[in-house]
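# Reading the structure
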Amino acid sequence: MAEPHHIVIVGGGAGGLELATRLGDSLGRDKRARTTLIDCARTHLWKPLLHEVAAGSLDLYEHDLDYLAQARWHHFDFQLGRVDGLDRARRVVRIAPTYDEDKNEELIPRREIHYDMLVIAVGSRTNDFGTPGAREYAISLDTPDQAEHFHRRLVNACIRANAQTTPLGPGQLKVAIIGAGATGVELAAELHKTTRELVAYGFGKIDPERDIRMTIIEAGPRILPALPERVALAAQDLLKSLHVEVLTGERVTEVQAHSVLTASGRAIPAELTVWAAGIKAPDFLADLDGLESNRLNQLIVHQTLQTTGDPDVFAIGDCACCPWPEHAPCVPARAQAAHQEATHLFRNLRRRLEGKPLHTYIYRDFGSLVSLGEYSTVGSLMGKLMGGALFVEGFFARLMYIALYRMHLYALHGAAIVIFDLLGRLFTRRTEPRVKLH
Ligand SMILES: Cc1cc2nc3c(=O)[nH]c(=O)nc-3n(C[C@H](O)[C@H](O)[C@H](O)COP(=O)(O)OP(=O)(O)OC[C@H]3O[C@@H](n4cnc5c(N)ncnc54)[C@H](O)[C@@H]3O)c2cc1C
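Now for a description of the structure that goes with this document. (Residues numbered from 1 in each chain as written. Predicted model: local features only at pLDDT ≥ 70, side-chain atom pairs only at ≥ 80, totals over all residues. Heavy atoms only, no water.)

### As for the state of the cysteines
The condition is simple: Note that a disulfide, as used here, is simply two cysteine sulfur atoms within 2.5 Å. Categorising residues by exposure relies on relative accessible area from a 1.4 Å probe, with only protein chains included: less than 20% of the type maximum marks a residue as buried, more than 50% marks it as exposed, and the intermediate range marks it as partly exposed.
Evaluation of the coordinates by the stated rule reveals one disulfide. The disulfide bridge from Cys321 ends at Cys330, spanning 2.1 Å between sulfur atoms. As the torsion about the S-S bond is roughly -80 degrees, the Cys321-Cys330 disulfide counts as left-handed. Just as Cys321 is buried, Cys330 falls in that class too. The structure places no disulfide on Cys322, whose sulfur is separated from the nearest cysteine sulfur, that of Cys321, by 7.6 Å. For Cys322, a relative accessible area of 1% corresponds to the buried category.

Here's what the structure looks like:
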């Protein structure tokens, strides 16, 4: 009997894991095609939650999902490893050796996996544009490990300041956030809340209003550049009421151990610096066996989500540049785009297996929401009925924001599990501190 068609997905994030789950549930269950997901991490966490992990309002270990378990429940295979190359002539992806946590012992040697159809969904990471000191001294929020690392440093900073008998130094308990996109703004609001809760749990010598300071530094003329001005103004007002300093028109030229320098000559003192400005796709995509990529390393795809260089290699999510006619050269790098592309590609891969022509994908922008922690949520919703963008704020916007994550969980687990999970969390919330204390 002939081997079933093998679909390999590289990257199990917002797009890749939803796709693997749907393919496994349909084609894998009745053995019409085999799906293999490759990821360099062992567990998945929906990336838009990372700023909450960093602030300590969300416990990573309660929300991460084991790839091996998901694979077993949904009829696909999981392979742990970091893909670093492709041989299109032989239809194999190359996977670098996998090491243990301490990088001492080689667990899996370098290997290759054969595919019939390949989907690249490796996402993006922060783009520090080569700014001196950024890599050494600024923390990015690209992975759960980095978000946890930031949180540990934040708690340590509080422990140190609380035990100190001398006055606080100039940068102490000061956080600089570089980039006033949604990630930077959401992080600032979330940190404002959780640092106050952290202090209330036993750091009595710290006065949050006096001692803890946050500064957002943005090169552009206003915060939230990708969102409508009204949303930005509402967010700016709230940040002002929280005494978060917002510096616009300030381009960062260097990050130092205890300060951030800007082109205008300012030195902003900071004990912790987060780099949240700009993204780019992983470097190995820039030269992936001749596939076309742009200056952000994104693979150029047609609206069928096939790469321009190979009809059997597809790309979705942040690492793909899919045309968005009449709007922008590429569909924006957002979780809702990754979700839509996974849904579209699921149908297209099935059509390709059946020898049918592929459908073109058109991105539908439902708007953007920015969570300002427990203080508020603001955003704009798009819709034909509304005749454009509708400004939303407060409780309704918060519900819509929460619904985004629930939709991702629904795609991974189905309705019943999402409802039981929600109920379970409502009850456990009462027996746990509201902020992670370690
Ligand atoms: C802090 C933060 C907040 C955000 N908030 C929002 C929001 O509110 N709304 C919104 O729409 N978007 C938001 N985003 C953007 C959103 O998270 C991304 O657009 C989305 O996750 C992209 O999905 P993806 O599937 O392309 O990639 P990802 O979700 O990033 O997944 C990529 C996967 O590929 C794996 N991988 C990477 N390289 C390799 C390799 N070489 N080999 C094997 N595996 C690899 C990674 O481990 C990861 O599992 C936010 C992003 C951040 C960082």
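Right, picking up where we left off after that structure.
### Here's the deal with the site of the ligand
Condition: Note on definitions. A residue lies near a molecule or strand when any single heavy atom of the residue is within 4 Å of it. Here a polar contact is taken to be a pair of N or O atoms separated by no more than 3.5 Å, where protein atoms must pair a possible hydrogen donor with a possible acceptor and residues adjacent in sequence count only if both atoms sit in side chains. What sets the accessible areas is the Shrake-Rupley method with a 1.4 Å probe; for residues, cover comes only from the shown protein chains. Strands are runs of DSSP state E lasting at least 2 residues, helices are runs of H or I lasting at least 4, and numbering of each runs from the N terminus. Polar here means any residue other than Ala, Val, Leu, Ile, Met, Phe, Trp, Tyr, Cys and Pro, which are nonpolar, and Asp, Glu, Lys and Arg, which are charged; Gly is therefore polar.
Neighbouring the ligand are 31 residues; Gly15, Asp39, Val83, Asp318 and Ala335 lie closest to it. The separation between an oxygen atom of the ligand and a polar side-chain atom of Asp39 is 2.7 Å. Cys40 places a main-chain nitrogen or oxygen 3.3 Å from a nitrogen atom of the ligand. In isolation the ligand exposes 1,000 Å². Once the protein is present, 88% of that is buried. At the level of secondary structure, the elements contributing two or more residues to the shell around the ligand comprise strand E2 (33-39) and helix H10 (335-353). The leading source of residues in the shell around the ligand is H10, at three residues. Counted by class, the shell around the ligand contains 15 nonpolar, ten polar and six charged residues.

### Quick notes on the nonpolar core
Basically, it comes down to this: Residues belong to one nonpolar core when they are buried, are Ala, Val, Leu, Ile, Met, Phe, Trp, Tyr or Cys, and are joined through side-chain atoms within 4.5 Å.
Core analysis: the biggest nonpolar cluster contains 54 residues, and Leu19, Val93, Leu118, Ile120 and Leu349 have the highest contact counts within it. Trp46, Leu187, Met214 and Val244 belong to the second-largest nonpolar core, a separate cluster that totals 47 residues.

### Some details on the packing of aromatic side chains
Formally: Two rings belonging to Phe, Tyr or Trp (six-membered ring only in the last case) form a pair when the distance between their centres is within 6.5 Å. Interplanar angles under 30 degrees mark stacking, angles over 60 mark edge-to-face geometry, and anything in between is tilted.
In total, this model carries three aromatic pairs according to the counting rule given. Seen from their ring centres, Trp46 and Tyr405 are 5.3 Å apart, and the 25 degrees between their planes marks the pair as stacked. Linking Trp46 in the loop between strand E3 (43-44) and helix H2 (50-55) with Tyr405 in helix H11 (residues 395-413), this pair joins segments that are 359 residues apart in sequence. Ring centres of Trp324 and Tyr363 lie 4.9 Å apart, and the angle between their planes is 80 degrees; on these two criteria the pair is classed as edge-to-face. Of this pair, Trp324 sits in the loop between strand E25 (320-321) and H10 while Tyr363 sits in the loop between H10 and strand E26 (367-372), placing them 39 residues apart in sequence. Both residues of the pair, Trp324 and Tyr363, count as buried.

### Considering helix H7 (residues 182-200)
For clarity, the threshold we go by: Any helix carries an expected span of 1.5 Å times its number of residues minus one.
Look at H7: 27 Å from first C-alpha to last across 19 residues, which is about the 27 Å you get at 1.5 Å a residue. A large share of H7 lies buried, amounting to 15 of its 19 residues. In the segment just after H7, Gly202 is the residue with positive phi, at about 145 degrees.

### A look at the pattern of salt bridges
Spelled out, the test is: Salt bridges are defined as contacts in which a side-chain nitrogen from Lys or Arg sits within 4 Å of a carboxyl oxygen from Asp or Glu.
In this structure the tally under the stated criterion is 20 salt bridges. One salt bridge in this structure joins Arg196 and Glu209, with 3.2 Å as the shortest N-O distance. Note that Arg196 is positioned in helix H7 and Glu209 in helix H8 (residues 208-211), a separation of 13 residues in sequence. For Glu354, the salt bridge goes to Lys356, with nearest N and O atoms at 3.0 Å. Accessibility expressed as a relative area gives 41% for Lys356, which makes it partly exposed. Shared partners join several salt bridges into a network, and the residues in it are Asp87, Arg90, Arg94 and Glu112.

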